[in-house]
Amino acid sequence: MKITSFNPLIITPKADDIIAVFEELGFEKRHTTESDTEVTAYSSVRMKNADGFHVDITENARVPQTITGIRMNVDNFDEAYEYLKSRGFVNTKGDQIADNGSSRAAMMMSPSGFGISLIQHIKK
């Protein structure tokens, strides 16, 4: 398994104020993704600054308060998923994996309480 990107992730019920703070810090919106399925319902903004640092800010009405975690993109979802599970991480959606055809993803929670949003982009 190869990690292809690794950066902070902020999940919040209201993203506008947080996005504004990062814009004031010099980050620019790079792209936005949205999902509205049984497994996931969110709007996510990927931001980048001039030094190449990224932060993802995800608006999700289902979370009661803002939480922070890590976004980890990998080249082999299944291998990374099994690795994290073997270290005590649990999928916050049980065994459900979000799969929209262009990516596979799961929010994995560590035994100590930090989350990793595990993602593999599917290249066709």
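As a starting point, this report considers the structure included with it.

Criteria and thresholds
Residues numbered from 1 in each chain as written. Predicted model: local features only at pLDDT ≥ 70, side-chain atom pairs only at ≥ 80, totals over all residues. Heavy atoms only, no water. Helix = DSSP H or I, 4+ residues; strand = E, 2+ residues; numbered from the N terminus. Rg over C-alpha atoms; globule rule 2.2 N^0.38 Å. Buried < 20%, exposed > 50% of the residue type's maximum accessible area, 1.4 Å probe, protein only. Contact = heavy atoms within 4.5 Å. Pairing = 2+ DSSP bridges. Salt bridge = Lys/Arg side-chain N within 4 Å of Asp/Glu carboxyl O. Patch = residues over 30% accessible without salt bridge, like charges linked within 9 Å, V, L, I, M, F, W, Y side chains within 5 Å. Areas by Shrake-Rupley, 256 points an atom, 1.4 Å probe, with all protein chains shown as cover. Polar contact = N/O pair within 3.5 Å; in protein donor to acceptor, adjacent residues only side chain to side chain.

1. A short note on the overall build of the protein
Phase 1: In terms of regular secondary structure, the protein is built from two helices and nine strands.
Phase 2: Secondary structure elements of the protein, listed N to C terminal, follow the sequence β-α-β-β-β-β-α-β-β-β-β.
Phase 3: Its C-alpha atoms give the protein a radius of gyration of 14 Å, within 12% of the compact-globule value 14 Å for 124 residues.
Phase 4: Expressed as lengths along the three principal axes of its C-alpha atoms, the size of the protein is roughly 40 × 30 × 30 Å.
Phase 5: Per-residue burial over the protein gives 40% buried out of 124 residues.
Phase 6: A fraction of 53% describes how many contacts in the protein between residues 6 or more apart in sequence connect residues 24 or more apart.

2. Here we look at the pairing of strand β9 (residues 115–121)
Phase 1: The buried fraction of β9 amounts to six of the seven residues, a majority that puts the element mostly inside the structure.
Phase 2: Relative to β9, strand β5 (residues 67–74) runs parallel, the two being bridged by five bridges. Of the residues in β9, the one forming a bridge with methionine 72 is leucine 118.
Phase 3: Where strand β8 (residues 103–109) and β9 come together, seven bridges link them in antiparallel fashion. For alanine 105, the partnering residue across the bridge sits in β9 and is isoleucine 119.
Phase 4: In this antiparallel pair of consecutive strands, β8 and β9, the connection spans five residues, and glycine 113 shows a positive phi of 110 degrees.

3. Thoughts on the pattern of salt bridges
Phase 1: Counting across every chain of the model gives five salt bridges.
Phase 2: Linking aspartate 56 and arginine 46 is a salt bridge whose minimum nitrogen-to-oxygen distance equals 2.8 Å. Of this pair, aspartate 56 sits in strand β4 (residues 54–59) while arginine 46 sits in strand β3 (residues 41–48), and the two are 10 residues apart along the sequence.
Phase 3: Using a relative accessible area of 1% as the deciding quantity, one classes aspartate 56 as buried.
Phase 4: Note that glutamate 82 and lysine 85 form a salt bridge whose closest N and O atoms lie 3.9 Å from each other. Remark: lysine 85 and glutamate 82 occur in helix α2 (residues 77–86); sequence separation between them is three residues, near one turn of the helix.

4. Concerning a nonpolar patch on the surface
Phase 1: Among the surface-exposed residues, Met1, Ile3, Phe6 and Tyr83 lie close enough to one another that they form a single nonpolar patch of about 400 Å² accessible area.
Phase 2: Assignment of secondary structure puts isoleucine 3 in strand β1 (residues 3–12).

5. Digging into the side chain of arginine 46
Phase 1: Among the residues examined, arginine 46 registers a relative accessible area of 10% and is labelled buried.
Phase 2: There is a polar contact of 2.8 Å between the side chain of arginine 46 and the side chain of aspartate 56.
Phase 3: If sequence neighbours within four positions are ignored, arginine 46 has contacts with Ser5, Asn7, Glu28, Lys29, Arg30, His31, His54, Val55, Asp56 and Arg71.

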